[in-house]
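Below, each chain spelled out in residue letters.
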Amino acid sequence: MRATVQQHLSAASERDGELWRTLLADERIARSLPHVWGCSDFVAQLCLRKPGYLAELLQSGRLHSALDPDALATELAHLPQEAPDTEVMRVLRETRQREMMRIAWRDLSGWAGIDETLRDQSHLADVCIRFAYERAYAQLAARFGTPLRGDGSRQSLVIIAMGKLGAHELNFSSDVDLVLLYPEDGEAAGERGIEHAEFFLRVAQKMVPWLTARSADGFVYRVDLRLRPFGDSGPLALSFAAFEHYLQQHGRDWERYAYVKARPITGLDAFRELYDEVLRPFVYRRYLDYSVFGSLRHMKSLIAREVERRELQDNIKLGPGGIREIEFIVQAFQLLRGGSDRRLQRRELNVVLPQLVGQRLLTKECVSDLSAAYRFLRRLENRLQEWADEQTHALPAEAAARERLAVAMEMPGWEVLAEHIELHRGRVAAHFAQTVFGPTSSSTEANGVLESVFDVDAGSGVRKQALQGIGVAAADAILARIDELKLSAYYRKLDETGMRRLSELMPRLLPALANVADPVLTFHRLTRILEMIGGRTVYLALLNENPSVLARLVEVCSRSQFLADQIAAHPLLLDELIDERLFEDLPSRASFAAELAMRREAVHGEDDERQVQMLREFQRAAVFRVALADITGRLQLMKVSDRLTDIAELIVREALGIAWTQLTYKHGVPQVTNERGEQRPAGMVVVAYGKFGGIELSYSSDLDLVFLYEADSERRTDGPNPIEPTVFFQRLAQRLMHLLSTHSAAGRLYEVDTRLRPGGNRGLLAQTLAGFEHYQRHEAWTWEHQSLLRSRAVAGAEALCARFEALRVALLQGAVKRDTLRDEVRKMRERMRAELSKAKAGEFDMKQDAGGIADLEFLTQYWVLYWADRHPELVTFSDNIRQLESLASGALLPQELVDFLTATYRKYRERLHHAALAGNGGTVPATEFVEERARLSEIWRGTMEGEGSTG
């Protein structure tokens, strides 16, 4: 290589010694030239033929910087409009050669990374294609007139870059894949006007040869138009309407993959309209489309056969573990999730790939491996093609070429390079197999005997024997349920694809029933989910594609009616079962907050309905994870309520932000004056009461909310439609209520109860802090102070929340009527027992019956309120457990008594949780909790019916 470079340099110096002495006087040129020429015969030969290119690049400083596409376009625009076609072709080819020399030099010398190299190659192609198009368009418009749209505006040809050019990832000697479209049919506005279809056909016929035809100066790009509708048999340019019709009637899965990368080079405004109305809905489905994996396997099998036929095992693009497999993995997940997360609707692979970790679709290790392999293989691809400016992806067979490639890759020799190639391709192949092919491998897949179980014509004996053969008990009951399923309206409404997917699913599902305690109940829950899924058979594809998801679904259904019902009502929750960490990682507030932020970013800029739908999807997924951790015993009772409360808090805060944005956009921001006379934005605090306030939410809890605000009563909002602050905050509270509680196709977030506000249903929905304080001091009933004890600020400005918390403590110390406290608490509790108990004969209502949760809560509230004026630390917390512990810490109750009460409270609540998960109510046989009920009733009588504060 050194000898060859020296020969080239000697020849160049003999031909133009002065020029080369000047060039080599630049230290960076002199130092990099041997390596660049040794690794690129294309650059070396071009320097020998056209040394002026290098001199021009060096003199202008462009050799030492990335491509400026605007500057290059301006340079090309200097070519006179009357220049003949031969001159247009010459300028394009010389521009391409000079810029490719610059790109290769910077790449091989290490002055540019792979990202810049790919981007510069793409920008160069854009500039050349756009220049050729604009010249061709101008010539034809001068001859036939300008094609106009229906509104009279100029109509452009929309040149869509596909593949690597579309993603700004073009390699060194790549074809450029283009699709040519125009907005509307019609006739060009000129004396010799022709149909738009003919006009743009002629533009293409003139433009493409300028780029592809070979001349003494070579060619610019090989242009591939075969991705257009109907391929080689279709017209070169198609109208938007015809394109839309084609996609609707004939669009295939491989075209969805292809259009992930689609990017306009010309006609940007027209393309946005096409993309939003036609392309995006075609490529990205609103639902999770697991059928993409089946089509991906089909495409890969076709490629594999071609690789084998053409002996392309050493092809770093198409061969095993090659670039195409990385692209397939990423694009498959883009099609799978892109409809619900626009961040995945990006064209650049290295931008999308990290997002797949955040979406819990791929592990960090997998993404790291794929990212490293992609960068390595793309760099290797460029170094292969930079040698002779040839489109090749095959590793060389000759020893000298292999060593030269190793040098180009900055490695000590071919053996080391080969090890790196094998390492990266091996990792890619493994991840590809696991992601695309691995999930379908199953020992039941080839089990024809099990397939007969779902065939009602196979005979009951054969079917029963098949089930018993895999260890499934109660075969008769399960067969009866299968027969019922096949006779159902659900099954009759399935299309051919749905029936095929269900038939494939059954032999995979049935063996799992052998490992559950109650296979009949589990199977009923599973088939109920299948019926609720209905025609959305992509979920059947999900279960067929992912044995691990199916196994987790069976386990969930075997454990919990609640979770099975949740999945049946919201099949999107099946997506949660994909994550293998679901049964390992514990949910936390931090993880929920991070996920909500991620989901918020995914719907940024979308309409209000989509943002609320995002909240509903987040809530269902988050509650599902908590319940799963609960039923598997990995999350203790108090942590379950903590997490459910965290979810509600995050949602209320997010919903308040949405409501505030909506209202202030229309009316502006209300103001308040501080003690120094300064203006600042006013705000509202959302106060949680009851179980929400006490951090004790269960799976079906309502949210008890009160809305308080501060504002200058005389100052209207500062927006385009100003309103009184009272009106503003009423509307803000109403909007927040609407966001939280309105039913929609996606369900609702929470049932919201605002009756605990001052004045109840007769009072204003949102009230001032001052009005709230006056009411609590002068008008509130004892039960309202009991409720206030279990309240806390959960959303709003931090300073305003702090003001409420301070006011709450002051009110609980100074506003409670302690002389009548015990009588009022006792009377209220007696009324509740009589009116609210749901127990029948022989049952115990854990909430409302004597000796139940309500007794314990009322006792705690009585004690805390009784002593709060002398011990303000008692009202610091809003939850029962810490209030009881504070009573013990202050030596106001015996520790042994508090230990009994907290232990009993936990027992009751744990039983209620598990009853809810099993789909049961709050009543249990009267034989349960006998000792706890008796002692708690004794404590109640001693405290509320005896003498003194504790009896």
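Above this text is the structure in question.
First, a word on scope: everything that follows refers to the structure included in this document. (Residues numbered from 1 in each chain as written. Predicted model: local features only at pLDDT ≥ 70, side-chain atom pairs only at ≥ 80, totals over all residues. Heavy atoms only, no water.)

1. A few points about the overall build of the protein
Within the protein, the secondary structure is distributed over 42 helices and 14 strands. With respect to the principal axes defined by its C-alpha atoms, the protein has extents near 115 × 85 × 65 Å. Burial analysis of the protein (951 residues in total) assigns 55% to the buried set. The contacts of the protein with a sequence gap of at least 6 include a subset with a gap of at least 24, amounting to 73%. As presented, the protein carries roughly 40300 Å² of accessible surface, and 49% of it is formed by carbon and sulfur atoms. (Helix = DSSP H or I, 4+ residues; strand = E, 2+ residues; numbered from the N terminus. Buried < 20%, exposed > 50% of the residue type's maximum accessible area, 1.4 Å probe, protein only. Contact = heavy atoms within 4.5 Å. Areas by Shrake-Rupley, 256 points an atom, 1.4 Å probe, with all protein chains shown as cover.)

2. With respect to unusual backbone geometry
Within the chain, D389 stands out as a residue other than glycine whose phi angle is a positive 55°. As for its position among the elements, D389 is in the loop between α18 (364–386) and α19 (399–408). On the basis of relative accessibility, which here comes to 13%, the residue D389 falls in the buried class. Even without glycine at this site, I695 takes up a positive phi of about 55°. Looking at where I695 falls in the secondary structure, it is placed in the loop between α33 (690–693) and β9 (703–710).

3. A short note on the packing of helix α4 (residues 41–49) against helix α5 (residues 51–60)
The interhelical angle for the contact between α4 and α5, taken along N-to-C directions, is 95°, at an axis separation of 4 Å. As judged from the angle between their axes, α4 and α5 are roughly perpendicular. Of α5, the residues touching α4 (which contributes L46, C47, L48 and R49) are P51, Y53 and L54. (Axes fitted to C-alpha atoms, helices over the stretch in contact; angles between N-to-C directions. Parallel < 35°, antiparallel > 145°, perpendicular 65-115°, else oblique.)

4. Examining helix α15 (residues 323–337)
In this model α15 runs 22 Å from its N-terminal to its C-terminal C-alpha over 15 residues, within 8% of the 21 Å that 1.5 Å per residue would give. Among the 15 residues that make up α15, 14 are buried, leaving the element largely enclosed by the rest of the structure. (Expected span 1.5 Å × (residues − 1).)

5. Focus: the packing of aromatic side chains
The final tally for this structure, using the stated rule, is 21 aromatic pairs. Taken together, a centroid distance of 5.0 Å and an interplanar angle of 45° make the contact between F562 and Y699 tilted. Here Y699 lies in the loop between α33 and β9 and F562 lies in helix α29 (residues 561–569), a separation of 137 residues in the sequence. Relative accessible area serves as the criterion here: at 13%, F562 is assigned to the buried category. Of the residues examined, Y699 reaches a relative accessible area of 13% and is grouped as buried. Taken together, a centroid distance of 5.5 Å and an interplanar angle of 80° make the contact between W660 and F728 edge-to-face. You can see W660 sitting in helix α32 (residues 637–667) and its partner F728 sitting in helix α34 (residues 725–741), a full 68 residues away along the chain. (Phe/Tyr/Trp six-rings, centres within 6.5 Å; stacked < 30°, edge-to-face > 60°.)

6. Observations regarding empty space enclosed by the protein
The gaps of empty space that remain are located by a probe, the size of a water molecule, rolled over the atoms. According to the stated counting rule, one finds 1 cavity of 30 Å³ or more in the structure shown. The volume enclosed by the largest cavity comes to roughly 30 Å³. Looking at the largest cavity, the residues that line it are R96, F172, S173, S174, F219, V220, Y221 and R222. Within the lining of the largest cavity, the residues separate by chemical class into 4 nonpolar, 2 polar and 2 charged. (1 Å grid on protein atoms, 1.4 Å probe; cavity = no way out; pocket = protein on both sides within 12 Å on 5 of 7 lines; lining within 4 Å. Points joined across faces, edges and corners; volume = space filled by probe spheres on them. Nonpolar A, V, L, I, M, F, W, Y, C, P; charged D, E, K, R; others polar.)

7. Section: helix α2 (residues 17–24)
Regarding α2, the residues found buried are G17, W20 and L23. In a view along the axis of α2, the buried residues occupy a sector of 125°, so they form one face of it. In α2, the exposed positions angled more than 90 degrees off the buried face are occupied by E18 and R21. Taken together, the buried residues of α2 touch α1 (2–15), α3 (27–39), α4 and α5. (Arc of directions from axis to C-beta.)

8. Concerning the side chain of D704
One can find D704 in strand β9. Buried within the structure, D704 lacks any salt-bridge partner; R755 is the closest side chain of opposite charge, at an N-O distance of 6.0 Å. (Lys, Arg positive; Asp, Glu negative; His and termini not counted. Salt bridge = Lys/Arg side-chain N within 4 Å of Asp/Glu carboxyl O.)

9. Concerning the pairing of strand β2 (residues 176–182)
Extensive coverage of β2 is indicated by the burial of 6 of its 7 residues. As paired elements, strand β1 (residues 158–161) and β2 share 4 bridges and run antiparallel to each other. Bridging from a neighbouring strand, A161 pairs with L178 of β2. Relative to strand β3 (residues 223–224), β2 runs parallel, the two being bridged by 2 bridges. Note that in β3 the partner of D177 across the bridge is D224. This β-α-β element, β2 to helix α10 (residues 196–212) to β3, shows right-handed connectivity. For β2 and strand β4 (residues 237–239), the ladder comprises 3 bridges, and the chain directions are parallel. Pairing of L181 across the sheet is with L238, part of β4. (Pairing = 2+ DSSP bridges. Right-handed = clockwise from strand over helix to strand, strands pointing away.)

10. Describing the layout of surface pockets
Within this model, the largest pocket holds a volume of roughly 1600 Å³. At the level of elements, α33, α36 (782–789), α38 (821–836), α39 (853–867) and α41 (895–917) are the ones that each hand at least two residues to the lining of the largest pocket. Looking at the lining of the largest pocket residue by residue, the classes come out as 13 nonpolar, 16 polar and 14 charged. In this structure, the second largest pocket is lined by 33 residues; those nearest its centre are D177, L227, K317, L318 and R324. Mapped onto the lining of the second largest pocket, the elements with two or more residues apiece are α9 (163–166), α12 (253–259), α14 (292–309) and α15. Per-element tally for the lining of the second largest pocket: the top contributor is α14, with 5 residues. Of the residues assigned to the lining of the second largest pocket, the class counts are 14 nonpolar, 7 polar and 12 charged.

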